[in-house]
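A structural walkthrough
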Amino acid sequence: MTAIQESDIVRLPRGVRLREDKQRGGWVLLAPERVFQLDGIAQTVVSQVDGECSVGTIIDRLCETYQAPRERIAEDVTAMFAGLVEKRVLEVA
Amino acid sequence: MTHSQAYDVQPPMGMLAELTHRCPLQCPYCSNPVALERRRQELDTATWQRVFAEAAELGVLQVHLSGGEPALRPDLPELVTACVDAGLYSNLITAGVNIDRPRLETLADAGLDHVQLSFQGATPEVTDHVANMTGAHARKRAFAAEVTDIGLPLTLNAVIHRANLHQIDEFVDLAVELGARRLEIAHAQYYGWALVNRAALMPSREQVMEAVERVEAARERLQGRLVIDAVVPDYHARLPKPCMNGWGRQSLNVTPSGKVLPCHAAETIPHLEFWNVADHGLREIWYDSPAFNAYRGTDWMPETCQSCERKEIDWGGCRCQALMLTGDATQMDPVCEKSPYHDEVQTLAVRDASGASEFTYRRFARTTESA
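Residues numbered from 1 in each chain as written. Chains lettered and ligands numbered in written order. Predicted model: local features only at pLDDT ≥ 70, side-chain atom pairs only at ≥ 80, totals over all residues. Heavy atoms only, no water.

As a further point, take the pattern of salt bridges. What the rule picks out here adds up to 28 salt bridges over all chains. Here Arg-24 of chain A makes a salt bridge to Asp-21 of chain A, at a shortest N to O gap of 2.7 Å. The exposure class assigned to Arg-24 of chain A is partly exposed, which follows from its relative accessible area of 22%. Overall, Asp-21 of chain A belongs to the buried group, its relative accessible area being 1%. Connected via shared salt-bridge partners are Glu-33 and Arg-34 of chain A together with Arg-182, Glu-184 and Asp-229 of chain B. (Salt bridge = Lys/Arg side-chain N within 4 Å of Asp/Glu carboxyl O. Buried < 20%, exposed > 50% of the residue type's maximum accessible area, 1.4 Å probe, protein only.)

Right, dumping it as structure tokens:
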């Protein structure tokens, strides 16, 4: 499993797009011959990915949105990003 | 919207657009029908543009621009633009032998999202032999280099069978070397041309098991570097594939002449009525056409499927295969070990695995009319 550091900057690689799915509701991550249907939390996290701010900054921002301990959010976010990196729909800049 | 069914029909997610059946390659396992559609039957640019707009409106997210060789259509850039304008994710499925750098740049500038490139072998000898085209392998390698140089994401697609099954590791090395993000290892599926060539393509059970192990090992070795998707072989299996993830559930296929099919082989079921985009809107076809409603849901299934806990996992397997091997499209897929035809299929696979190795290459039938 790829380890994600808080200092890492992540981005969606070319060929991966986040968009709203109006017909079914919700948001999807469109990737080469795959569609990932995102739940509300995943969409909130992935929509923070801009290829500029660090993972730590994304975690800080999410702390403001969700009333949960930072440690818990950091754990969830880095695990989610590591999973997406492994599927090659997210990359460390 | 008129939904004539009792059950809930969801909108499709993916559409395979067969822009043409013309192709410079002659692969003996081509998924196109044996009776290929000809150039003069092909939809014009404006009709495809309308179909893409209707597809997006219907809920399609990804369009696979395929063929034949889609790059034989001079209007390919306009068609990519139509996908982009409709918000569709566009995937070019190509043999990669007839797209030069300027054309590829035009496609990339139009907003093409992804390229899937076929390799018939991992070496020039095998690729050129299977594709029946001298120099094909070298051209494909050069094309792959252009794709990654431009920055487009690349998937390599390898259809495997008895003549190239020993090259799994080399296919993996090739994918890594060429900078592909993804590799598809797809065992030949026996419809259309592959059915004609089944005795030349069918691997033995031992070869299949070895291939599966090699794919697994490569997957582990290259985790995070290369995504490997494998389409498992069929006849040697115990359980059927969930064909298309269910008939009329997630995707549709438009042929060069505009017929809309639940899967690319569906026309092998002779009594089905397919509607054409020239006569009907895509939404109407998806929800109301007889062919799409023929095997939707689970009501059509035989009793063994009805009482099976996998009925909404396998969806009864493949309808075309059921017809082909049992003579009845409403039979359970005979690959399933619960099928009374299962042993027959296994015997057939063993027999074909030691069949003749001559290919019948894919080509247009001789005719007095021009293709």
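Interface size, as often reported, equals the accessible area lost upon joining of the parts. Between chain B and chain A, the contact holds 34 residues from the first and 22 residues from the second. In this assembly, chain B packs against chain A so that about 2,200 Å² is buried in total across both faces, 46% of it on carbon and sulfur atoms. Among the residues of chain B in contact with chain A, Leu-61, Tyr-89 and Arg-181 of chain B are the three that bury the most area, contributing 28% of the side total. For the interface between chain B and chain A, the tally reads 3 salt bridges. (Contact = heavy atoms within 4.5 Å. Buried area = accessible area lost by both parts, 1.4 Å probe.)

All names here are of chain A. Pairing is antiparallel in the open sheet, where 3 strands are placed in the order β2-β3-β4. Strands with a single pairing partner mark the edges of an open sheet, and in this sheet they are β2 (17–20) and β4 (34–38). Each adjacent strand pair in this sheet contributes to an overall mean axis angle of 25°, direction not counted. Examined bridge by bridge, strand β3 (residues 27–31) and β4 share 5 bridges and lie antiparallel to one another. (Pairing = 2+ DSSP bridges. Helix = DSSP H or I, 4+ residues; strand = E, 2+ residues; numbered from the N terminus. Axes fitted to C-alpha atoms, helices over the stretch in contact; angles between N-to-C directions.)

Residues and elements named next belong to chain B. Compared with the 16 Å implied by 1.5 Å per residue over 12 residues, the 17 Å span of helix α15 (residues 342–353) between its first and last C-alpha is a close match. Those residues of α15 that fall on the buried side of the exposure criterion are His-342, Val-345, Leu-348, Ala-349, Asp-352 and Ala-353. The buried residues of α15 occupy an angular sector of 130° when the element is viewed end-on, so they sit on one face. Exposed and oriented more than 90 degrees from the buried face of α15 are Asp-343, Glu-344, Thr-347, Val-350 and Arg-351. Where α15 is buried, its residues contact α8 (198–201) and α14 (319–326). (Expected span 1.5 Å × (residues − 1). Arc of directions from axis to C-beta.)

Okay, the UniProt feature "binding site: [4Fe-4S] cluster" (unreviewed entry) in chain B next. Residues and elements named next belong to chain B. On the UniProt side, "binding site: [4Fe-4S] cluster" (unreviewed entry) is annotated at positions that read Cys-23, Cys-27 and Cys-30 here. Assignment of secondary structure puts Cys-23 in the loop between β1 (14–18) and α1 (45–58). Note on Cys-23: relative accessible area 25%, which makes it partly exposed. The residues touching Cys-23, leaving out its near neighbours within four places in the chain, are Gly-68, Glu-69, Leu-72 and Arg-362. Mapping Cys-30 onto the fold places it in the loop between β1 and α1. Apart from residues lying up to four places away in sequence, Cys-30 is in contact with Tyr-191, Trp-193, Ala-194 and Arg-362. (UniProt positions renumbered as here; feature names shortened; annotations may be inferred.)

It is worth spelling out the sheet that holds strand β3 (residues 89–94) of chain B at this point. Residues and elements named next belong to chain B. Here we have 9 strands laid out as an open sheet, ordered β7-β6-β5-β4-β3-β2-β1-β8-β9, and mixed in their pairing. Either end of the sheet is taken by a strand with one partner, and the two such strands are β7 (227–231) and β9 (260–261). Pairing analysis gives 5 bridges linking β1 to strand β2 (residues 62–66), with the strands arranged parallel. The partner of Glu-18 across the bridge, within β2, is Ser-66. Sitting on the sheet, helix α9 (residues 205–221) is in contact with β6 (182–187) and β7, with an inclination near 160° to β7.

A few words now on the side chain of Asp-352 of chain B. Inspection of the secondary structure assignment puts Asp-352 of chain B in helix α15. Non-local contacts of Asp-352 of chain B, meaning those with residues more than four positions away in its chain, are made with Arg-162, Arg-198, Ala-199 and Met-202 of chain B.

Turning to the UniProt feature "domain: Radical SAM core" (unreviewed entry) in chain B, a few remarks are in order. Mapped onto the present numbering, the UniProt feature "domain: Radical SAM core" (unreviewed entry) falls at residues 9–225 of chain B. In residues 9–225 of chain B, helix accounts for 43% and strand for 16%; the two terminal C-alpha atoms are 37 Å from one another.

Further remarks concern the packing of aromatic side chains. Residue and element names in this part refer to chain B. If you walk through the whole model with that rule in mind, you get 6 aromatic pairs over all chains. Relative to Phe-292, the ring of Trp-286 has its centre 5.3 Å away and its plane inclined at 55°; by these criteria the two rings are tilted. Taken together, a centroid distance of 5.9 Å and an interplanar angle of 70° make the contact between Phe-359 and Tyr-361 edge-to-face. Take Phe-359 and Tyr-361: they sit in the same class, and that class is buried. Three or more aromatic residues link up through ring pairs in this structure, and these residues are Trp-247, Tyr-295 and Trp-300. Here Arg-296 stacks its cationic end above the ring of Trp-286, 4.7 Å away from the centre of that ring. (Phe/Tyr/Trp six-rings, centres within 6.5 Å; stacked < 30°, edge-to-face > 60°. Lys NZ or Arg CZ within 6 Å of the ring centre and 35° of its normal.)

All names here are of chain B. At a minimum axis distance of 11 Å, the contact between helix α3 (residues 101–110) and helix α5 (residues 136–150) shows a crossing angle of 40°. Between α3 and α5, the angle falls in the class oblique. Both α3 and α5 take part in a crossing whose hand is right-handed. Contact with α3, carried on its side by Arg-101, Leu-104, Glu-105 and Ala-108, involves Phe-143, Glu-146, Val-147, Asp-149 and Ile-150 of α5 and no other residues of that element. By residue class, the composition of the contact of α3 with α5 is 5 nonpolar, no polar and 4 charged. (Parallel < 35°, antiparallel > 145°, perpendicular 65-115°, else oblique. Left-handed = near helix turned anticlockwise from the far one by under 90°. Nonpolar A, V, L, I, M, F, W, Y, C, P; charged D, E, K, R; others polar.)

What follows covers the nonpolar core. Residues and elements named next belong to chain B. Judged by nonpolar contacts, the single largest core of 67 residues is most densely connected at Met-15, Trp-48, Phe-52, Val-63, Leu-65 and Leu-156. It is α1 that contributes the most residues to this core, 6 residues altogether. Filtering out sequence-adjacent residues up to four positions away, Met-15 remains in contact with Val-51, Phe-52, Ala-55, Val-60, Gln-62, Val-63, His-64, Leu-252, Val-254 and Leu-282. (Core = buried A, V, L, I, M, F, W, Y, C linked by side-chain atoms within 4.5 Å.)

A few words now on the confidence of the model for chain B. Taken as a whole, chain B shows an average pLDDT of 94; of its residues, 97% reach a score of 70 or greater. Interface scoring of the predicted complex returns ipTM 0.91; its pTM is 0.94. (pLDDT = per-residue confidence, 0-100.)

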